[in-house]
Amino acid sequence: MPPFDKIDKPSMDRINKLHPSIREEVKTIVQECNEALTGRAQMRISQGLRTFAEQDALYAKRPKVTNAKGGQSVHNYGFAVDIVMIVDGRTASWDTKKDWDGDNVADWDECVKIFAKHGWNWGGDWHSFKDMPHFDKIGFSNWRELQNYKRGRDGYIILNSEPATPAQPAPAVARTPTRPPAAAVVSAAAGTAGASFDKIDKPSMDRINKLHPSIREEVKTIVQECNNALTGRAQMRISQGLRTFAEQDALYAKRPKVTNAKGGQSVHNYGFAVDIVMIVDGRTASWDTKKDWDGDNVADWDECVKIFAKHGWNWGGDWHSFKDMPHFDKIGFSNWRELKNYEKDSKGYIII
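All of these numbers come straight from a predicted model, not from anything done at the bench.

Colleague: Please give an account of the nonpolar core that cites residues and values.
Modeller: Counting 35 residues, the largest nonpolar core has Val26, Met43, Ile45, Ile83, Phe115, Trp120 and Phe135 as the members making the most contacts within it. Elements that contribute at least two residues to this core include exactly helix H1 (9–15), helix H2 (23–36), strand E1 (41–47), strand E2 (80–87), helix H4 (107–117), strand E4 (120–122) and helix H5 (143–146).

Colleague: Give a detailed account of the packing of aromatic side chains, specifying residues and quantitative values.
Modeller: Per the stated rule, a full pass over the model turns up 9 aromatic pairs. Ring geometry for phenylalanine 79 and phenylalanine 140: centres 4.5 Å apart, planes at 5°, overall stacked. Taken together, the positions of phenylalanine 79 in the loop between helix H3 (52–59) and E2 and phenylalanine 140 in the loop between strand E5 (134–137) and H5 put the pair 61 residues apart, joining distant regions of the chain. Here phenylalanine 140 falls in the partly exposed class, since its relative accessible area comes to 25%. Both rings, one in tryptophan 122 and one in phenylalanine 135, keep their centres 6.5 Å apart while their planes meet at 20°; by these two values the pair is stacked. Here tryptophan 122 is found in strand E4, whereas its partner phenylalanine 135 is found in strand E5, with 13 residues between them in sequence.

Colleague: With reference to specific residues and values, describe the pairing of E2.
Modeller: Along E2, 8 of the 8 residues are buried, which leaves the element largely enclosed by surrounding structure. Two elements, E1 and E2, share 6 bridges in a ladder whose sense is antiparallel. Along E2, the bridge assignment pairs alanine 41 with valine 87. Pairing geometry for E2 and E5, over 3 bridges, is antiparallel. Looking across to E5, one finds that valine 81 is bridged to phenylalanine 135. Linking E2 to strand E3 (residues 91–93), which pair antiparallel, is a turn of 3 residues; within it aspartate 88 sits at a positive phi near 55°.

Colleague: Give a detailed account of the environment of tryptophan 293, specifying residues and quantitative values.
Modeller: Residue position: tryptophan 293 is located in the loop between strand E8 (284–286) and helix H10 (300–310). By relative accessible area, which is 19% here, tryptophan 293 ends up buried. Residues tryptophan 293 and methionine 278, 15 residues apart in the sequence, show an inter-C-alpha distance of 9.8 Å. Once residues lying within four places of it in the same chain are set aside, the contact partners of tryptophan 293 are Gly232, Arg233, Ala234, Val280, Ser286 and Asp300.

Colleague: Report on the pairing of strand E7 (residues 273–280), specifying residues and quantitative values.
Modeller: With 8 of its 8 residues buried, E7 lies for the most part within the structure. Burial along E7 is two-sided: Ala273, Asp275, Val277 and Ile279 facing one way and Val274, Ile276, Met278 and Val280 facing the other are all buried. Bridge analysis of strand E6 (residues 234–240) against E7 gives 6 bridges, and the strand direction is antiparallel. Of the residues in E7, the one forming a bridge with methionine 236 is methionine 278. In this structure, E7 lies alongside E8, joined through 3 bridges in antiparallel fashion. What sits directly across from methionine 278, in E8, is serine 286.

Colleague: Help me get a handle on the packing of H2 against H4, residues and values and all.
Modeller: Close contact between H2 and H4 brings their axes to 9 Å; oriented N to C, the two are set at 145°. As H2 runs across H4, the sense of the crossing is right-handed. Seen from H2, the contacting residues are Ile29, Glu32, Cys33 and Ala36; seen from H4, they are Glu110, Cys111, Ile114, Phe115 and Lys117. Here the residues of the contact of H2 with H4 sort into 6 nonpolar, no polar and 3 charged.

Reading guide: rules and limits
- Residues numbered from 1 in each chain as written.
- Predicted model: local features only at pLDDT ≥ 70, side-chain atom pairs only at ≥ 80, totals over all residues.
- Heavy atoms only, no water.
- Core = buried A, V, L, I, M, F, W, Y, C linked by side-chain atoms within 4.5 Å.
- Buried < 20%, exposed > 50% of the residue type's maximum accessible area, 1.4 Å probe, protein only.
- Helix = DSSP H or I, 4+ residues; strand = E, 2+ residues; numbered from the N terminus.
- Phe/Tyr/Trp six-rings, centres within 6.5 Å; stacked < 30°, edge-to-face > 60°.
- Pairing = 2+ DSSP bridges.
- Contact = heavy atoms within 4.5 Å.
- Axes fitted to C-alpha atoms, helices over the stretch in contact; angles between N-to-C directions.
- Left-handed = near helix turned anticlockwise from the far one by under 90°.
- Nonpolar A, V, L, I, M, F, W, Y, C, P; charged D, E, K, R; others polar.

This is the structure in structure tokens:
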């Protein structure tokens, strides 16, 4: 058991009421944040699990602090936290720009990066309502799905039970961090050295090997896990990976429209995104996102969405204005406006 000496009592009390499956991870995150913050501020968990009644009371507050009524927040299921900085051991601060430890990175941003590394969404990336203190666990950010799960005697949802109704699309949370941190990419190279990738076909492997070098091993792991999970007639293939600017422009010009992004305006152009397709019976391409080819009562596409989410990837099916169902991009590297300004190496990949 690692020492959690950087976690104060209010934080620990709130962590211990979160869903049991994420408590140890949140302890690790808080510990890592406070080890990184070497100045006057330390991070505290200010909110964790909320009852439906507490959520309704928060919803009624003015000025508005949340759009979620009771049952409509991930907090109500124990998969979200809010944070605050405690300065000099006594003063609460929600200043997201302050660099208390003088390392030229705002303390808040340091915590955002650490949460991202562990696979958490940040409310500061939401479109219509920015919730800067908020973080929720990727893969458990859809209250519509969570509300339908069975609960144990302790009141927490049972993760190995199926929802009573089909899963609804998760609320769109497109991560566009202030700066894409290298730490947000957790390379799987060390963990997959010598691993068997026997479930990855040649077209997928060829496309993976042209992605940004920092994510290739992770994508191999994702494809392998997806195809291990798909036990029926379909297997998942990477249909698109790295695209040149010229290829992106050609795709943009297609009708009917398939993308809103011109050359340079897609994460694909920097090697941090993939598109997928199901190959049925080894020969037929299918983009049917509802089909359950292996008969396990979960659509094959949804099985892959969950695996990508587990590894810290956004899904284009969660976007607001334009649903791109085959698309996934790596959290922390989903902002082409930032990526285009990075220096490139001799092979054309950005240097992170």
